[in-house]
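Chain by chain, the residues run as shown.
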Amino acid sequence: MTSFPVLETERLLLRQLTVKDSSDLFHYFSKDEVTRYYDLESFVEVEQAEKLIDKWNDNFQQELGIRWAITLKKENRVIGTCGFHNWFKEHYKAEIGYELTPEYWRQGIMTEVLKAVLDYGFKELELNRIEAFIDPDNISSRKLLEKSGLREEGFLKECFYEKNQFVDAVLFAVLKREYLR
């Protein structure tokens, strides 16, 4: 990938994050309800958002992943992000991750985003498998993934170490041939 791909949906524009987006990310990453199931503690300073943006952009430059800023077409404010990490090119697979500011929960935005990002992953990145790991208690994420075509593949006991404790995870995935049907 030479330039960052911009994706467009009916209501949204998905674009590269810049340092100018730090205050928007800080706005929602400082909320406990956003980080409850996330592998990050709630932010306490805007510099944490700047570092996260730098990390995601570095991953893109090194072709290790890609993370889009989610913006409404009518305004340029970042309301969430979505993208791929743990991208294993040799295995044609990647893990998808996402978050959204609570003001836009339950409006179908992330469903719209996942459709665009999954399409891009399978058609442009030529992925064969897209995975997601979620907290077993994250019912909203479970419903989103199922609605987007991913299926539960297993329960992983104490799979990750987050926030000073071992946590379980549920693995969801979809294969290219299943998704494009």
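The rules we used
Residues numbered from 1 in each chain as written. Predicted model: local features only at pLDDT ≥ 70, side-chain atom pairs only at ≥ 80, totals over all residues. Heavy atoms only, no water. Salt bridge = Lys/Arg side-chain N within 4 Å of Asp/Glu carboxyl O. Buried < 20%, exposed > 50% of the residue type's maximum accessible area, 1.4 Å probe, protein only. Helix = DSSP H or I, 4+ residues; strand = E, 2+ residues; numbered from the N terminus. Phe/Tyr/Trp six-rings, centres within 6.5 Å; stacked < 30°, edge-to-face > 60°. Pairing = 2+ DSSP bridges. Right-handed = clockwise from strand over helix to strand, strands pointing away. Axes fitted to C-alpha atoms, helices over the stretch in contact; angles between N-to-C directions. Parallel < 35°, antiparallel > 145°, perpendicular 65-115°, else oblique. Left-handed = near helix turned anticlockwise from the far one by under 90°. Contact = heavy atoms within 4.5 Å. Nonpolar A, V, L, I, M, F, W, Y, C, P; charged D, E, K, R; others polar.

(A) Here's a closer look at the pattern of salt bridges. Inspection of every chain in the model, using the stated rule, returns 12 salt bridges. Two residues, Glu75 and Arg77, come together in a salt bridge whose shortest N-O distance is 3.2 Å. On the accessibility criterion, Glu75 (30% relative accessible area) is partly exposed. For the salt bridge of Lys115 with Asp119, the shortest nitrogen-to-oxygen distance reads 2.8 Å. Of this pair, Lys115 and Asp119 both sit in helix H4 (residues 109–123), 4 residues apart, which is roughly one turn of the helix. With a relative accessible area of 16%, Asp119 lands in the buried category. When salt bridges that share partners are traced, they join Lys93, Arg129, Glu131 and Glu153 into one network.

(B) Main features of the packing of aromatic side chains. Under the defined criterion, the tally for this structure stands at 10 aromatic pairs. A ring pair is formed by Phe4 and Trp68, whose centres lie 6.1 Å apart and whose planes are at 70°; its orientation type is edge-to-face. Of this pair, Phe4 sits in the segment before strand S1 (7–8) while Trp68 sits in strand S3 (residues 66–72); the two residues are 64 residues apart in sequence, bridging distant segments of the chain. Judged by its relative accessible area of 12%, Phe4 falls in the buried class. Trp68 gets classed as buried once you look at its relative accessible area, which sits at 0%. For the ring pair Tyr28 and Phe29, a centre distance of 5.1 Å and an interplane angle of 35° mean the geometry is tilted.

(C) Main features of the pairing of strand S6 (residues 129–134). Burial runs high along S6: 5 of the 6 residues are buried. Taken together, the 3 bridges between strand S5 (residues 93–100) and S6 define a ladder with parallel strand orientation. Across the sheet, residue Glu95 finds its bridge partner in S6, namely Glu131. Considered for its hand, the β-α-β crossover made up of S5, H4 and S6 is right-handed. One ladder, built from 6 bridges, connects S6 with strand S8 (residues 165–175); its direction is antiparallel. Across the sheet, residue Arg129 finds its bridge partner in S8, namely Leu175.

(D) Spatial organisation of the packing of H4 against helix H5 (residues 139–147). Running from N to C, H4 and H5 cross one another at 45°; their axes reach a closest spacing of 10 Å. Considering the angle they form, H4 stands oblique to H5. Of the two possible hands of crossing, H4 and H5 adopt the one that is right-handed. Touching Met110, Thr111 and Leu114 of H4 are Leu144, Leu145 and Lys147, all from H5. Of the residues that constitute the contact of H4 with H5, the class distribution is 4 nonpolar, 1 polar and 1 charged.

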